[in-house]
Amino acid sequence: MAYRIAEDAQRMAEGAHGVARAIAGTRQNVSGSVRISASQTMAFVVLPEIIGRLRAANPQIQVELQATDTVANLLRREADIAVRMVMPEQGSLIARKLGTSKIGAYASRDYVLRRGQPVAPPELLQHDLIGLIDDDVILRGFAAGGIPATRESFAVRTDDPLVVWQLVRAGLGIGFLADKVAKRDPSLVQLIPEVGPTMPVWLVVHNEIRGNPAIKVVFDFLAAELERELAPVRVG
């Protein structure tokens with residue numbers, strides 16, 4: 001009896017492996033070029049490893065990664081798939097919410113040793129702040145918390161979120177970075193965890209090209225990987 005069960009189990013395992021190989025073979029036969037548009041931070045920090053796994057599973061698919069904080073116009077086919085922080089309003093676009101990205105206040109360890117660590121949101125205005133020139137998300141967050149911050153509250157401003165990261169690392173002040181990015185950098189310290197907005201993350205594709213085999217494979221792969229990346233850390 002035990003021998004027969006073992007034989008059945010082996011046949012089932014071989015069958016499962018056969019199905020997996022067949023699926024893998026089908027996937028590997030999918031070919032084409034797919035352009036992905038994502039924010040500079042997402043493209044620089046999060047997507048390289050994911051695209052590496054995508055290419056390993058689907059070597060016949062070529063990927064073009066467009067790193068920009070300007071929203072790509074999928075209606076004009078500037079990209080096939082976009083990772084966005086805002087939900088598109090056009091009815092011809094298919095959008096899937098993948099999760100949320102929390103923005104937090106961070107500083108370098110050197111800066112905290114030199115200037116001290118704020119313990120309440122209003123104390124942030126007593127520090128050197130680093131921000132983006134044309135993005136008022138943080139200012140709106142300050143206003144929502146009753147903190148009278150202005151553009152002039154930021155000692156250093158730049159038009160590139162990756163430069164914000166490097167300025168914070170260099171000890172120039174406190175910057176506002178995505179938690180998923182900043183927590184990969186051991187040189188940074190999170191300050192006042194409750195400070196900072198939470199941004200939704202959407203994966204978007206045009207309805208007319210959603211059925212393209214290569215685009216479908218990439219869309220589904222990115223959705224699964226980014227949902228796992230954005231999932232909250234479970235404690236206990």
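Keep in mind it's a predicted model, so treat the numbers as computed, not measured. (Residues numbered from 1 in each chain as written. Predicted model: local features only at pLDDT ≥ 70, side-chain atom pairs only at ≥ 80, totals over all residues. Heavy atoms only, no water.)

Visitor: Help me understand the overall build of the chain in this model?
Guide: When helices and strands are tallied, the chain shows seven helices and nine strands. Buried positions account for 40% of the 236 residues belonging to the chain. Pairs at least 24 apart in sequence give 78% of the contacts found in the chain among residues at least 6 apart. When the accessible area of the chain is evaluated, it comes to approximately 13,100 Å², of which 55% is carbon and sulfur surface. (Helix = DSSP H or I, 4+ residues; strand = E, 2+ residues; numbered from the N terminus. Buried < 20%, exposed > 50% of the residue type's maximum accessible area, 1.4 Å probe, protein only. Contact = heavy atoms within 4.5 Å. Areas by Shrake-Rupley, 256 points an atom, 1.4 Å probe, with all protein chains shown as cover.)

Visitor: Would you explain the packing of helix α2 (residues 40-57) against helix α7 (residues 213-230) in this entry?
Guide: Each pair of packed helices gets described by two things: the angle between the helix axes and the distance between those axes. One way to put it is that α2 packs onto α7 with a least axis distance of 10 Å and a crossing angle of 130°. As far as their axial angle goes, α7 and α2 are oblique. The chirality of how α2 crosses α7 is right-handed. Residues M42, V46, L47, I50, R53, L54 and A57 of α2 pack against V218, F221, L222, E225, L226 and E229 of α7. Taken together, the residues of the contact of α2 with α7 break down into 10 nonpolar, no polar and three charged. (Axes fitted to C-alpha atoms, helices over the stretch in contact; angles between N-to-C directions. Parallel < 35°, antiparallel > 145°, perpendicular 65-115°, else oblique. Left-handed = near helix turned anticlockwise from the far one by under 90°. Nonpolar A, V, L, I, M, F, W, Y, C, P; charged D, E, K, R; others polar.)

Visitor: Just to check I follow, could you spell out the environment of I147 for this structure?
Guide: Locating I147 in the fold gives a position in the loop between α4 (137-144) and β6 (154-158). Separated by 26 residues in sequence, I147 and P121 have C-alpha atoms that sit 7.8 Å apart. Setting aside chain neighbours within four positions, we find I147 in contact with P121, P122, L125 and F142.

Visitor: In this structure, what is going on with the pattern of salt bridges? I would like to understand it.
Guide: Applying the stated rule across the entire model yields nine salt bridges. Residue R96 pairs with E227 through a salt bridge whose shortest N-O separation is 3.1 Å. Of this pair, R96 sits in strand β4 (residues 93-108) while E227 sits in helix α7, and the two are 131 residues apart along the sequence. A relative accessible area of 34% means that R96 is categorised as partly exposed. Accessibility expressed as a relative area gives 28% for E227, which makes it partly exposed. As a salt-bridge pair, R228 and E225 come within 2.8 Å of each other at their nearest N and O atoms. One end of the pair is R228 and the other is E225, both in helix α7 and three residues apart, which spans about a single turn. With relative accessibility at 53%, the residue R228 sits in the exposed group. (Salt bridge = Lys/Arg side-chain N within 4 Å of Asp/Glu carboxyl O.)

Visitor: Teacher, can you tell me more about the pairing of strand β3 (residues 81-84) here?
Guide: Moving residue by residue along a regular strand, the side chains alternate between the two faces of the sheet. Going residue by residue along β3, you find I81 and V83 tucked away on one face and A82 and R84 tucked away on the opposite face as well. Across two bridges, strand β1 (residues 32-38) lies against β3 in parallel orientation. Paired with I36 across the two strands is I81, which belongs to β3. In terms of strand pairing, β3 meets strand β9 (residues 198-206) through four bridges, oriented antiparallel. (Pairing = 2+ DSSP bridges.)

Visitor: Just checking my understanding: could you explain the packing of aromatic side chains for this structure?
Guide: Any two aromatic rings considered together are summarised by their centre-to-centre distance and by the angle between their planes. According to the stated counting rule, one finds two aromatic pairs in the structure shown. Both rings, one in F142 and one in F176, keep their centres 5.9 Å apart while their planes meet at 90°; by these two values the pair is edge-to-face. Of this pair, F142 sits in helix α4 while F176 sits in strand β7 (residues 174-178), and the two are 34 residues apart along the sequence. Of the two residues, F142 and F176, neither departs from the other in class, the shared state being buried. (Phe/Tyr/Trp six-rings, centres within 6.5 Å; stacked < 30°, edge-to-face > 60°.)

Visitor: Just checking my understanding: could you explain the confidence of the model for the chain for this structure?
Guide: Model confidence for the chain is summarised by a mean pLDDT of 84, while 85% of its residues fall at 70 or above. Model confidence for the chain, summarised as mean pLDDT per element, is weakest for helix α1 (residues 2-29) at 44 and strongest for helix α3 (residues 109-115) at 96. For the stretch residues 1-10, pLDDT sits under 50, and the model shows zero contacts to residues farther than four places along the chain or on other chains. In this model, residues 12-27 is a region of pLDDT below 50 whose contacts with residues beyond four sequence positions or in other chains number two contacts. (pLDDT = per-residue confidence, 0-100.)

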